[in-house]
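Given next are the chains, with one letter for each unit.
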Amino acid sequence: MSLKSSYQATRGGEKNFLRDIKPGDQLFVVNEHSDRGKTYSEWVVTNTHSFMGYREVKSPSHGGVMTAQSLLRKEREVLTQRPSHLPNRGARDSHDAYTEDAQRAAKLVGDLHAMEASDALSDHYRSLTRR
């Protein structure tokens, strides 16, 4: 089954979400910050389950782990495509001493590094399911 573009925290949405995800899938949530606006964070579906039997997801930026069900319930919506119009929360660089061009370059490098880390984690969990 292919993933929908987003899943809502409804009973039906949760059921479909848990059925559709598989190891290596990249998931994204939008975060609202009072001081810096909206960002997004990434999660990768792992090949492990919690003691309750729910599939786990892992953050490539900080290494945090939770169940996919908890992620959906906490964030209320999970996206399956990277929101390119928002900065990555895990790659934020807010050095005010940089020139505007240097800040832009630092953001691009940070975003690229975060995407590479997410892709590598995703590839790792996909390869584990092929064995």
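Each remark here, short or long, concerns the structure printed above.
So, here is what we can say about the structure in this document. Keep in mind it's a predicted model, so treat the numbers as computed, not measured. (Residues numbered from 1 in each chain as written. Predicted model: local features only at pLDDT ≥ 70, side-chain atom pairs only at ≥ 80, totals over all residues. Heavy atoms only, no water.)

**A look at the overall build of the chain**
On a plain count of helices and strands, the chain comes out with three helices and six strands. Reading the secondary structure of the chain in the N-to-C direction produces β-α-β-β-β-β-α-β-α. Computed over C-alpha atoms, the radius of gyration of the chain comes to 16 Å, within 12% of the 14 Å expected from 2.2 N^0.38 for 131 residues, which places it in the range of a compact globule. When each of the 131 residues of the chain is scored for burial, the buried share is 39%. Residue pairs at least 24 apart in sequence account for 52% of intrachain contacts in the chain once pairs closer than 6 positions are excluded. Summed over its atoms, the accessible surface of the chain is roughly 8,000 Å², and 49% of this surface lies on carbon and sulfur atoms. (Helix = DSSP H or I, 4+ residues; strand = E, 2+ residues; numbered from the N terminus. Rg over C-alpha atoms; globule rule 2.2 N^0.38 Å. Buried < 20%, exposed > 50% of the residue type's maximum accessible area, 1.4 Å probe, protein only. Contact = heavy atoms within 4.5 Å. Areas by Shrake-Rupley, 256 points an atom, 1.4 Å probe, with all protein chains shown as cover.)

**Focus: the pairing of strand E2 (residues 26-33)**
Summarising burial for E2: six of the eight residues are buried, a large majority. Bridging between E2 and strand E3 (residues 37-49) involves eight bridges; their strand directions are antiparallel. Residue pairing for E3: Asn 31 is matched across the bridge by Thr 39. Here E2 folds back onto E3 in antiparallel fashion, the turn holding three residues. (Pairing = 2+ DSSP bridges.)

**Details of the pattern of salt bridges**
On inspection of all chains with the given rule, the structure shows six salt bridges. As a salt-bridge pair, Arg 73 and Glu 14 come within 2.8 Å of each other at their nearest N and O atoms. Of the two residues, Arg 73 is situated in helix H2 (residues 68-75) and Glu 14 in helix H1 (residues 11-20); the sequence distance between them amounts to 59 residues. Under the relative-accessibility criterion, Arg 73 is labelled partly exposed at 46%. Linking Arg 82 and Glu 42 is a salt bridge whose minimum nitrogen-to-oxygen distance equals 3.1 Å. One end of the pair, Arg 82, is in the loop between strand E6 (77-79) and helix H3 (100-130); the other, Glu 42, is in strand E3, and 40 residues separate them in sequence. In the salt-bridge network here, residues are joined through shared partners; they are Lys 22, Asp 25 and Arg 126. (Salt bridge = Lys/Arg side-chain N within 4 Å of Asp/Glu carboxyl O.)

**Side note on unusual backbone geometry**
Within the chain, Arg 76 stands out as a residue other than glycine whose phi angle is a positive 75°. Looking at the secondary structure, you find Arg 76 in the loop between H2 and E6. Judged by its relative accessible area of 49%, Arg 76 is partly exposed.

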